[in-house]
Structures are given as structure tokens and as C-alpha cells.
Number of protein chains: 4
Amino acid sequence: MIYFHNDYAEGCHESILQRLVQTNLEQTPGYGTDPYCAAAAERIRVLCEDPSLSVHFLVGGTQTNMTVIAAALRAYQGVVCAQTGHIHVHETGAVEATGHKVLALPSADGKITAEQVRALVEEHRASEAMEHTVQPKMVYISNPTELGTIYSRKELEALSEYCRDNGLYLFLDGARLGYGLEAADNDLTLKDLARLCDVFYIGGTKQGALFGEAVVFSHPALAEDFRYMIKQHGGMLAKGRLLGLQFDALLRDGLYFRMARQANEKADQIRAVLGKLGYPLYVPGSTNQIFVTMPDAVLDELAKSFTFSHECRVDDRHRAVRFCTSWATSQENVDRLCDALRQISKEKKDL
Amino acid sequence: MIYFHNDYAEGCHESILQRLVQTNLEQTPGYGTDPYCAAAAERIRVLCEDPSLSVHFLVGGTQTNMTVIAAALRAYQGVVCAQTGHIHVHETGAVEATGHKVLALPSADGKITAEQVRALVEEHRASEAMEHTVQPKMVYISNPTELGTIYSRKELEALSEYCRDNGLYLFLDGARLGYGLEAADNDLTLKDLARLCDVFYIGGTKQGALFGEAVVFSHPALAEDFRYMIKQHGGMLAKGRLLGLQFDALLRDGLYFRMARQANEKADQIRAVLGKLGYPLYVPGSTNQIFVTMPDAVLDELAKSFTFSHECRVDDRHRAVRFCTSWATSQENVDRLCDALRQISKEKKDL
Amino acid sequence: MIYFHNDYAEGCHESILQRLVQTNLEQTPGYGTDPYCAAAAERIRVLCEDPSLSVHFLVGGTQTNMTVIAAALRAYQGVVCAQTGHIHVHETGAVEATGHKVLALPSADGKITAEQVRALVEEHRASEAMEHTVQPKMVYISNPTELGTIYSRKELEALSEYCRDNGLYLFLDGARLGYGLEAADNDLTLKDLARLCDVFYIGGTKQGALFGEAVVFSHPALAEDFRYMIKQHGGMLAKGRLLGLQFDALLRDGLYFRMARQANEKADQIRAVLGKLGYPLYVPGSTNQIFVTMPDAVLDELAKSFTFSHECRVDDRHRAVRFCTSWATSQENVDRLCDALRQISKEKKDL
Amino acid sequence: MIYFHNDYAEGCHESILQRLVQTNLEQTPGYGTDPYCAAAAERIRVLCEDPSLSVHFLVGGTQTNMTVIAAALRAYQGVVCAQTGHIHVHETGAVEATGHKVLALPSADGKITAEQVRALVEEHRASEAMEHTVQPKMVYISNPTELGTIYSRKELEALSEYCRDNGLYLFLDGARLGYGLEAADNDLTLKDLARLCDVFYIGGTKQGALFGEAVVFSHPALAEDFRYMIKQHGGMLAKGRLLGLQFDALLRDGLYFRMARQANEKADQIRAVLGKLGYPLYVPGSTNQIFVTMPDAVLDELAKSFTFSHECRVDDRHRAVRFCTSWATSQENVDRLCDALRQISKEKKDL
């Protein structure tokens, strides 16, 4: 089987392995207070062009989301997101387990707009019995979204402006951030994110690290005492240097971005073949996730040699699926997938 | 101002006041272990025709909902309800504050169907990564619903059957239960509720008590150690007899049901006038809550003498509002409202 | 049986009943937005001589404690109290259920000192791994304490000063506040409490109300959005006026304090008899709770006609028990208890 | 500086690194559903001689403790432990953050006895108002304890028997389990743990893994749906195979136990030197943690070249500290420490 199921089926980029081997017997302080975490944090501040940023490293995405959100909100406050938001649908209620309601907004492409947030907040504030409803206090977005789409600078600026003018926090989940920043149609930079968001994270797990997410706070109050939050929520790795080491390796010489760009380009190749074969994208996109609608017959045949993930049923004979490329996807495997797509499509058409 | 805003604008039925005065200086054990609570619980078991029921008294509805739901669910389990469900929209995230996600289903009339629950549960169970999503474990319905509609016996049986066959609990919020059971088109009885639900409650606050909700468990495992849950969630009244006394008074000689029926009849009078005046019901109903769509001009005039509550804007010139009758609504006030509706409608039409 | 078990065995002072009857059919807005709550809050501000205080009414003590504490703390912060503190031992973990650790300090008399708090906070702050332990952020004291003792002004000033100088909040549980303020050796006033605490409450349930606690915030940030907290934690009474009415009645013409003083005086009579009979107080006190060590034989005989509560076993033949007087304790019942104490003690001595 | 501060200052045993390198580009399913996790789980079942055990892998100790405890308890139930228990003092209230009270028992050596648990449970059950206090439902012990001591088989059997007879769960935190099982005076086996505990874990982080704890359930009900719990609490590693790989490597050919034995032997060497120099152990022990009371002057000098951790102040001139050996401690560093201890002690004596 060849995996296009997700972007975390392999281990990590070899430069990380090398660093692990080289540093293995060094003795360092624990819990993220080591020189490697310090170096990686500094590297991030430089990339974001903001020396005041507070940077922390956690192990995984769900852990990061719940810890950041719980750190930001008071008990009666909720977090606004798209109905497709990872925190709403794929984290087993981790945010609610910290006591906070997720306020989901309708979304066709995984994104939400400043206008939607405005409408929600205004409805809340206009209510005769405001305190009977959860107070919207934070906006959570993913970039790229769970559907592989990306925010434009203009869209992010609109969200940021609304949030700042109205006392809400803006939090960007960057589990796949590199794929977004390297998308052909992207116009956002790390500097923009640090400027426009109150907190965001740079994902490692899905971008070539063994694990790890780098949380970046530009809003000082949110970062206050964040290490207590990490510890309380089980995210403080004893050998915290493993996180620092990885991000230091990934962010050195642009490796992180180079790997993401290559994955996007491979996804573009697959998108091109799918287009030629006449399969409509379920959601248009330019990152490493491809959502496409295909006939069951073709997918069933394809599933004999390739993995991909089920998104939803479209009609009696078609379903939408996701193909992912990653830093580890070989050109050989892309070619095999493209060949198989052509071959099976031809066969099935003949039938 | 004459209040049609809600059904809890006054104190309580005079028979309750009399009992409070008569018993005031009696000494009883606290926390619901007194003879009045015992008598009221027994009265409920008799009305439900089930001597095995476990009955507990709490102070208010939000408190009851969060305590019952938290008692039933393990950490990763959620409660399914209509998107209009009280727990979803009007309890400031009280259920989430106990750690549990509310899984909201679309609903036009405030009700959900067995089929909707089935689809949700099957989708969960069919998922490739089931444990990444909240496990649906309890179904929460209100009867009457927040939109004043009621479940038929057939609908409730379908929900109950699906839940029992699939390991879910069925919880019925009866904050306005009497109005539902006394609706002209109702075919459910207390006995049915005890038979079909795992837990439900008989509302007092909105039905003539000063406060209080009587929780009835037919599922023994849910009732286990429930007093710990009440205490932990702040619902254990030191002078618990106040709750027992009130339910004992309400449920004696059918007072509770008689008051509800009278309120429904008054609502019917108002509905009849609204119908004659050509105002369409926003949601059809037969209980004490009337949801109707009316022109802003009429409502603005009406608001000078009467209170009612805002439901939503329908179009640029119309909005939906709610009028409530209650055990305390006088015929005189109903007549005044009906006269005013006729008068204002006529004036506005003339314009 | 004659109850000396607690101070909430009866209903309420008759002036409250009268107000309930008089106002029963008035229509008011719900949820504490009515004129009675406004009047009672104003009365409290006047008594505290501070027009800036924010006053809210809740139903019971556990509910009040968990709601106030949850409002004040961030997720990783804890509340410091005596190991006998009500929140630590008698609230079924309600504070922990909101996610916060209770940090208990040793105490023989139910009180804690500024010095103890200082030592705890300094140990925390000096820790090599501060963020691995709960951050002490609020101090919870009861006055009178659970053992019937009271804080002097000097002691409270020391606690207040330490807390303010070190960024902690001071919260005083006044479930029996009147008994404390009316104790013969008390030198605190309501004005002092408003000045020295960040938040405190004036208890109603144990002081002649049917139920109800009046929370008083002098720290504005703690009061922010407190109504959301009340609603979320199930403490927002639909007919909130019942709370306002009661406090308005209790605080009019000094009734609240007069009732407390009379209860203290009756407790003094009992203490005097116990002293003459040679029974040592388990904890010395001057309020309505009497903790005394007595022989099992005497207590077993006494228990045939009187209720009292078990505190702890002292040795093989003695145990400590609590007798409570209240606003409702009649002189007749005090005399009966004193007579019985004398009689049984004499008989048992003869044996 | 030479680290004796803790047992997690280095990376991991080289056999783990080799496995990481060898398997890096393999594609596996995520979230612990891969063959490596399956193999490691099977290895544990074999070592415990119980094919029915349910095994799960988490990243760290705090995460494991809070997830296991939250899985086991209903909302009003608490977990009993020694006052030195890791969950009570060093996890920033992570257990309380899941809503559960930690019920701490006094302990001089880090252990608790069946008798202590019995007394606590009986006091709870005998209470007049049982439901006003947290229900003790789980017993948490560490082996070795936080003070380096170990339970005998007889002690563990007594705890187990009491728990089973009285409906409590027994949970053993084995963050340093290997050091305990390899202690010279140990008489427990993995098989015993599986037989006597309802759930325990085999620690990796402090025993030569990069990270990871292997949770072993022998009580089937506790294991039910545990993967939901892991995900909800942020402990589900996307590349879960990293955990399986490590435990598979550690548990192959007895490496895990061999490393622990060697660390204990090195600790014995240090203990012997300390004994000869006349420094009393703060707590006697036979595992890799040495708690010793020493003069400030000696410690201050030692601290110039060696790290160790502060336990507590003993008197004006002495404090208790901890030295840790680990799988990675070299004989050379042990010799250096012993030499320095002898040298500094001699110098200071001369003064």
C-alpha cells in the first residue's frame, strides 16, 4: 500500500534524526528550559520579525488547541470557529472538557469571515438576556483550513481588525501552516501572522517533525503564566529539548518551507491529473490536501493499492475523498498514483 | 405594564403560600431528607404508576439540566439536542462547563426525531477515527419544546426505542411539562414519560411554584449517588422541605394540571384573535407559549402597555415574538391584550 | 425531639413570610433584575458605607463559594483555606469540579493567619519548578469559621494586607456572618469587610431567610460579568426577587443583626451551663455554635430528646459535639436543654 | 556540570535511536494503531503473564495520571493518595482540572497503607451527610514513591484486597517502575502488579525512553473507551508508533530492567559513601533516588560541580537533597561524585 491518507505516516526529516543522534547524551535541564528550545524560540522571533513574541513548544495539536483556548477564556466565554473547525469536530470535545463552549459558524470552505463573527457578537450583545448565553471571546481559525483552503491577507486583516476593535482574541491553528504559507496563491507571511493574530502556532507534526507544535503569542496577557497551563494540561515534555531540537532543525535554512513547497507541488501534479480526468474538486485548493469527488467504482479500485481518506458521500455513486502529500511523499509515489488514476479511469469508462 | 413576557413573573399559587405559612416554624432535617420531600416524591411515583422511581428536587432548570447530564455522561460523551434546545442556547454553556459537548441537530419546530439521532449515531460509529469525535450518549428533549410544540406518544416512543436499542439515555426537560400534558392535542401521560424516558423532570418554576424542579429517574444507574451530584453542583437546598412542600401542594388534587390547562385555554383565546387578525403563527402550537409574526408597527404600539419577548426578526418590517400565559394570567389581562391587538391592528391598517 | 442540630431547621422570620404574601401577585422582571433586588443591594451598600460595591444574590452557600472562586481564578490557580474550611470538607468537591485545587492549611481553631499564607506563597514562588505546582491566588476564610470562632480586625487586616501586597484575592464566606458580627468579642464591621476583603457574602440561609446569600464585591475586576457566572453555575433564580425581598426584609431596621445577637445570647446561656457542669469546650467560641466535649453516656441520654451534631471522637469515652442556636431558638427550648444537661449530668455522676 | 538532578537529563538508550533511524521512512497508520504499538502491547501482556490486559501508550506522566483518573471516576468521586503524591503536589492541579478532588493522606515515606485507606473510607461512609463530602473511589500510589521507597508485596496485597472488597480502584503510577522492580529488597513482579492493581503504568521517560508511559489495565471497565479519553486529554500522538517502537525496544531482552538495575547499583555506591561520611538518609531507600540530609556548607561547595535537587530545609544548617542516578549515569560520573563528597566533607570538617 502507498499512503496518501495523511501527512504524518512517516517519521521525520533526516536532519532531525541526525540532531537527535548527535545530541543524545548531552545533559540538559528539563521541561523546555534548555538551550535548544531557547534557540528555536529565537529563530521564530527572527522569522516573525518581532523580538517580543513569547514562544512555547507543545507535543500535539489537540493539546495545543485546548491549552491555548483554556488559557485565554474565562469560564463563561466561548470560542467561535467554522463548523468544520478541528476543535469542533475532531478533538473529542477537548475544548468542552476544559469547560468552554465551541460556537460553530456555517462554512462551505472551512473559513469564516469577519462579517460572520460580527453578526454573532452583535446578536449576543443585543440580547435581552446576554448573560444567559455564552460570551464569544476568541475566534479560532485554521490556516490552511481543515478543507485545505487558505486565508488571504485581506481576510485575515478583516478578522483581526474586528477582533481587536471588539475585545476578542484571534487564534490561528497552524498545524499545516507551512503548506499554507507556501501555497502558490498565498499572500501571508509569518510576520503578518504575528502582527494580526493574538496567538498562532507553527505545526511540526504534519510538516516533517516527529511531533511538536510551536505556539507564538503576540498578545502578552495571553502568554502570562502559560507554562502553568502547559503543565496542567499534560503538555510539558520532560525532555523538552526534543521539541526545541526539532524546530531548530526545521527552521534552519528554510527547510520547513522548502518541504512544504515540494509537497504542494506534488499535490498540484495530482490535482492536474484529476482535472484532466474530469473529476471535480470537492473544495478548490492549493495546498497539500486535495479534496475531490470521484465515482465509487474508481475509488474502490484505487483503494487496492493506495490509501486516502473518506470525506463524505456526495450521491449514490460518488463520494468525496482526500489525498494528502507531505514532506515525505516521493515523486515515484506521485507518479504511481497518477498512473493508477489514469489507468483505472480508463478501465472504468470502458465498462 | 401587563406581562405576557414569560410564565414566571409572579410569585406562586396561593396554596403554596399557605403551606409555607402553616409549616414555617416546624423543625425538619435539612437537604431534602424531610417528610415533605418524601410525600411529594411518593405523590409523583403514584402519578407515574411506578413505585420504583427515584425522585429528587432541585431549585432551577439550568441547575437540573447540568446536574442530570453530568451525572449520566462519562468525560468523552456528549448530549444530543435540537439546535433550539435550552441547554444549547440559553444556559451560558452550563453543560460544557461540566466538560460535555452539546451535539446540536437542526430543527424547525424545536423537536428532534429518532431518525436524526440514528443518523448522528451511525455516522459516529462508522467513522474511521471514532475516538476523535465526541460519543453521543444522551438525548435531551424538551416537552413542550422551547418553541411551544409537543411530542406525540409515537414520536417519543420512537426516540425511546432507538435510545434503548443503542445504549443512549433519553432525558426529557419538563420545565413546562404541565402545559404540554394539558395541551388539547397531547396524547402523553406521566406514566408514559416514566416508561419511555430514563430521566425527566416536572417543572415547578414556570408552573406556579416559587421555584423547583422534580427530577424523576426510571433508569436506576443514572440515579445512583445522585445526591452527591446535587450537592457538588450547588443544587442542594439546606431547607429542602421548601421544594417538597411546593410539589406536594401542586400535585395534590390535580392543581398543577388544572393551572396548566387554564393557561393553555387563555393562550388559545389569544391565538384565536391573532388568527382572525391575520397574523401567522411563527410556530404552530397548543401550549401556553404563542410564537407569532407581526408587523413592527403593531408590536411597537403594543409594547407601550404589554410586555412580550423577542424571538427573531423575520423581514424588514416584521418580527416574531412570544406571548406567554401562565397559571397567574387573569382573564382580565387576556381580554385587555386581545382588545389591544384588535384596536392597534385596526389603527395600523387604517394608516 | 428538640433541634439544636443546626441553624436552619425552621422556615424563616415572619417578616419575610409577610413580604412574600404581600407581593405574591406582583409582576416583576426575572433573574434578579427586579426592584427588590435593587433595593436590597442598595441597603447593603449603605450598611457597608461604600456606594461602589457590586452586590449579587445567590441561593445557597456551596453554590456561592464555587461561583465566586471560579470567577476569580484562572485554570492553574488555587484557593487557600483552613483544612476545616467548608469548601475543603463539606461541599463534595464543588470547587474542584470547577477545575481548581483547594490548598488546605493546618488549623486548630478554623482560622488561618497571614503568616501561614505568606509561607505557602513564598514556598511556591521560591520553587525551582514553580509551574509544576498550583499557584495560590485566592484566600478563602469563613467568619465565623466552621468551628464558630471569629477573626479579629487585626487578623483580618493582616490577611488583607498580605493578599493585596502580593496579588492574592481575599474572599470571606459569611454564611453565618451576623452571628460573627454580633459576637461579644467581635470588633469587625460590615464596613471593615468591604474595605478589607475583595469579596464576601452575607449569609441568609442560616440567619433567618428561607435561603439566599448576598455576595458583595469590592474588587471591581472580580465582579465583571459575574451574572454570566451565576447563570452558568445554576445559581440564577428565575424569580430572583425572592432573594431581594428576603434580604430587604432582613436588613431593614437591623433585624438580621438583632436575630443573630439573640441567638448568640442563647448560646452563651448554654455555654455557661456546660461550663458549670465541667464540660470543656472543644473550641472556645462566642457565636451561635457551641463545640463541647462530653461523655458518651451523657450524650446518649441527651440524644433521646434533643438533636445535636457529631464533630469527632475525642477518646474512648468522650466525643465532641455541636449545639447550634438560631434566630428561631425559643427561650423555652434553651431552658429545656439546660435543664436536661443538669439533670442527666447529675444522674450519670451518681452512677 | 555533572547532572544528578534527575533521571531524564539525557536523550534515550541507543537501541531506541537505532530503531527510530531504521524505521523512519516506513509508513504506518497513526494514533497508536500501528504494528509497533501492537508488538509492544503484546510484549507487556507476555511479561505480565496475562493475555487479557488492555495496554495503551501515552506521552508523559502527568498526562497519564489525569487521563486514567478522569476515566475511572464519576464527577463526585475523588482519588486518595499520599500527601507527597505526584498528583497532589507536582502536577499543577491537573487532576483537579478534570474536576476531581485529590484526598491526601499523611505519609512520612511516600507510601500509604490499607489501614489508612480503610479509615478514610469508613469515616466517609459513616458520615451523617455522606453526600456532602467527596466519595473516595480510587487509590493512587507510586512505586517507587516520590521519596524513592517501594511497596512490598504484602503491602500491595493489603491495599488491593481492601480496594476490591470495598469497591475502590487501585492505580499504581510506575513512572520509575523499573527502578522499583529491580531494587535489592523488592519482592514484586509485573505479574503481581497486573494481578493486584486495576491499572498501572510502566514508565519510559525516566527509564531510558525519549518519552512515553505504557498504561496497563487489568480492570476491563476502566479500559472501556480509553482511546476517547486519551484523545480528549491531548495524549494521542499522531505518530503513535514512536511510543510503540520505544517500548518494544526497551522491553526486548530485558533492557529496561537491566538499565534500572545498573542505576540502582550506582545509587547504592553513592549511598555507601554517604553512609561512611556519616550523612543520614532523609528517607531510606534502595532505588535510584537518594534522599540525604547534609550540611549547607558541603552542599554549597558540591553545587559548584554537580546538580542535585532541593527537597526541604531540615534545620538552620542542614537541608535534604536528592541525587538521582539513571540508565545514562556513567561510572565515571559516580566516581567523580563520590570523590567530591569525600573531598568536600574532609575539607569542611577541617574547618
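These figures come from a predicted structure and were not determined experimentally.

Reading the values: rules and limits
- Residues numbered from 1 in each chain as written.
- Chains lettered and ligands numbered in written order.
- Predicted model: local features only at pLDDT ≥ 70, side-chain atom pairs only at ≥ 80, totals over all residues.
- Heavy atoms only, no water.
- Helix = DSSP H or I, 4+ residues; strand = E, 2+ residues; numbered from the N terminus.
- Buried < 20%, exposed > 50% of the residue type's maximum accessible area, 1.4 Å probe, protein only.
- Expected span 1.5 Å × (residues − 1).
- Contact = heavy atoms within 4.5 Å.
- Buried area = accessible area lost by both parts, 1.4 Å probe.
- Salt bridge = Lys/Arg side-chain N within 4 Å of Asp/Glu carboxyl O.
- Polar contact = N/O pair within 3.5 Å; in protein donor to acceptor, adjacent residues only side chain to side chain.
- Nonpolar A, V, L, I, M, F, W, Y, C, P; charged D, E, K, R; others polar.
- Pairing = 2+ DSSP bridges.
- Axes fitted to C-alpha atoms, helices over the stretch in contact; angles between N-to-C directions.
- Parallel < 35°, antiparallel > 145°, perpendicular 65-115°, else oblique.
- Phe/Tyr/Trp six-rings, centres within 6.5 Å; stacked < 30°, edge-to-face > 60°.
- Lys NZ or Arg CZ within 6 Å of the ring centre and 35° of its normal.
- Least-squares fit on C-alpha atoms with pLDDT ≥ 70 in both.
- Domains from an automatic or database assignment.

1. Looking at the environment of Lys-346 of chain A
Residue and element names in this part refer to chain A.
Then comes step 1: Assignment of secondary structure puts Lys-346 in helix 15 (residues 331-350).
Then comes step 2: Residue Lys-346 is classed as exposed on the basis of its relative accessible area, which comes to 55%.
Then comes step 3: Taking C-alpha positions, Lys-346 is 9.0 Å from Leu-277, a pair spaced 69 residues apart along the chain.

2. Focus: helix 13 (residues 255-276) of chain C
Then comes step 1: Its 22 residues give helix 13 of chain C an end-to-end C-alpha distance of 32 Å, which sits within 8% of 32 Å, the value for a rise of 1.5 Å per residue.
Then comes step 2: Phi turns positive one or two residues past the end of helix 13 of chain C, at Gly-278 of chain C, with a value near 85°.

3. A short note on the interface of chain B and chain C
Then comes step 1: At the interface, 43 residues of chain B touch 43 residues of chain C.
Then comes step 2: Together, the buried faces of chain B and chain C total about 3800 Å²; carbon and sulfur atoms form 57% of this surface.
Then comes step 3: Taken as a group, Gln-27, Gln-232 and Lys-239 of chain B account for 19% of the area that chain B buries against chain C, more than any other trio of residues on that side.
Then comes step 4: Linking chain B with chain C are zero salt bridges, by the criterion used here.
Then comes step 5: For the pair chain B and chain C, the number of links is 26 residue pairs in polar contact (both at pLDDT 80 or more).
Then comes step 6: At the level of elements, strand 1 (2-3), helix 1 (14-23), helix 3 (61-72), helix 5 (94-97), helix 11 (226-232) and helix 12 (241-251) of chain B are the ones that each hand at least two residues to the side of chain B that touches chain C.
Then comes step 7: A class-by-class count of the residues in the side of chain B that touches chain C yields 24 nonpolar, 13 polar and six charged.

4. What to know about the sheet that holds strand 3 (residues 77-82) of chain C
Residue and element names in this part refer to chain C.
Then comes step 1: The seven strands are arranged 2-8-7-6-5-3-4 in an open sheet whose pairing can be described as mixed. Two strands in the sheet have a free side with no partner beyond their single neighbour: strand 2 (54-58) and strand 4 (102-105). Neighbouring strand axes in the sheet, compared pairwise and without regard to direction, differ in orientation by 25° on average.

5. Things to note about the packing of helix 12 (residues 241-251) of chain C against helix 13 of chain C
Residue and element names in this part refer to chain C.
Then comes step 1: The N-to-C vectors of helix 12 and helix 13 enclose an angle of 70°; their axes lie 5 Å apart at closest approach. Taken as axis vectors, helix 12 and helix 13 run roughly perpendicular relative to one another. Packed against helix 12, whose contacting residues are Ala-249, Leu-250 and Leu-251, the element helix 13 presents Leu-255, Tyr-256, Phe-257 and Met-259 at the interface.
Then comes step 2: Split by residue class, the contact of helix 12 with helix 13 holds seven nonpolar, no polar and no charged.

6. Remarks on the packing of aromatic side chains
Then comes step 1: Tallied over the entire structure, the rule returns 38 aromatic pairs over all chains.
Then comes step 2: Pairing Phe-171 of chain A with Tyr-201 of chain A gives two aromatic rings, centres 6.1 Å apart and planes at 40°, and the pair type is tilted. Of this pair, Phe-171 of chain A sits in strand 6 (residues 169-173) while Tyr-201 of chain A is found in strand 7 (residues 199-203), placing the two residues 30 residues apart along the sequence. Like Phe-171 of chain A, the residue Tyr-201 of chain A is buried in the burial classification.
Then comes step 3: For the ring pair Tyr-256 of chain A and Phe-257 of chain A, a centre distance of 5.1 Å and an interplane angle of 85° mean the geometry is edge-to-face. A single burial state applies to Tyr-256 of chain A and to Phe-257 of chain A, both of which are buried.
Then comes step 4: The structure contains a cluster of three or more aromatic residues connected by ring pairs, namely Tyr-140, Phe-171 and Tyr-201 of chain A.
Then comes step 5: Its end group placed over the ring of Tyr-151 of chain C, Lys-111 of chain C keeps NZ or CZ at 5.6 Å from the ring centre.

7. Some words on the interface of chain A and chain B
Then comes step 1: Taken together, the 22 residues of chain A in the interface contact 22 residues of chain B.
Then comes step 2: Among the residues of chain A in contact with chain B, Thr-92, Glu-96 and Lys-101 of chain A are the three that bury the most area, contributing 37% of the side total.
Then comes step 3: Taken together, the connections running from chain A to chain B amount to two salt bridges.
Then comes step 4: With a shortest N-O distance of 2.4 Å, Glu-96 of chain A and Lys-101 of chain B are connected by a salt bridge.
Then comes step 5: At the boundary of chain A with chain B, the tally comes to ten residue pairs in polar contact (both at pLDDT 80 or more).
Then comes step 6: When residues of the side of chain A that touches chain B are traced back to their parent elements, those giving at least two are helix 4 (86-89), helix 5 (94-97) and strand 12 (309-315) of chain A.
Then comes step 7: The leading source of residues in the side of chain A that touches chain B is helix 4 of chain A, at three residues.
Then comes step 8: Among the residues forming the side of chain A that touches chain B, the class breakdown is six nonpolar, eleven polar and five charged.

8. Here's the deal with the relation of the copies chain B and chain C
Then comes step 1: Under the fitted operation, chain B is carried onto chain C by 0.0 Å of movement along the axis and a turn of 180°, and the coordinates agree to an RMSD of 0.0 Å. In symmetry terms, the pair is related by a two-fold rotation axis.

9. Quick notes on the domain arrangement of chain A
All names here are of chain A.
Then comes step 1: Once the domains are mapped, chain A shows domain 1 (2-6 + 256-347) and domain 2 (14-255).
Then comes step 2: For domain 1 and domain 2, the distance between their C-alpha centroids amounts to 28 Å.
Then comes step 3: Taken together, the contact pairs 21 residues of domain 1 with 29 residues of domain 2.
Then comes step 4: Roughly 2000 Å² of surface becomes buried between domain 1 and domain 2 when both sides are summed, with 57% attributable to carbon and sulfur atoms.
Then comes step 5: When the buried surface of domain 1 facing domain 2 is broken down by residue, Tyr-256, Phe-257 and Thr-287 rank first, second and third, together holding 36% of it.
Then comes step 6: Between Glu-182 and Arg-261 there is a salt bridge, with its nearest N and O atoms 3.0 Å apart.
Then comes step 7: Taken together, domain 1 and domain 2 are joined by 16 residue pairs in polar contact (both at pLDDT 80 or more).

10. Quick look at the sheet that holds strand 10 (residues 289-295) of chain C
Residue and element names in this part refer to chain C.
Then comes step 1: Spatially, 9-10-13-12 is the arrangement adopted by the four strands of the open sheet, whose pairing is antiparallel. Strands with a single pairing partner mark the edges of an open sheet, and in this sheet they are strand 9 (281-283) and strand 12 (309-315). Ignoring which end each strand starts from, the neighbouring axes of this sheet average 35° apart.
Then comes step 2: Pairing geometry for strand 9 and strand 10, over two bridges, is antiparallel. The partner of Leu-281 across the bridge, within strand 10, is Val-292.
Then comes step 3: On the sheet, helix 13 packs against strand 9 and strand 10 and is oriented at approximately 20° with respect to strand 10.

11. Some points on the relation of the copies chain A and chain B
Then comes step 1: Superposing chain A onto chain B takes a rotation of 180° combined with a translation of 0.0 Å along the rotation axis, leaving an RMSD of 0.0 Å.
Then comes step 2: Here 100% of the contact residues of chain A are again contact residues in chain B; the copies associate through an equivalent surface.

12. Comments concerning the environment of Arg-153 of chain D
Residue and element names in this part refer to chain D.
Then comes step 1: Looking at the secondary structure, you find Arg-153 in helix 7 (residues 153-165).
Then comes step 2: Relative accessible area serves as the criterion here: at 31%, Arg-153 is assigned to the partly exposed category.
Then comes step 3: Sequence spacing of Arg-153 and Thr-189 is 36 residues, and the spatial spacing of their C-alpha atoms is 8.7 Å.
Then comes step 4: Setting aside residues no more than four positions away along its own chain, Arg-153 makes contact with Asp-187, Leu-188, Asp-192 and Arg-195.

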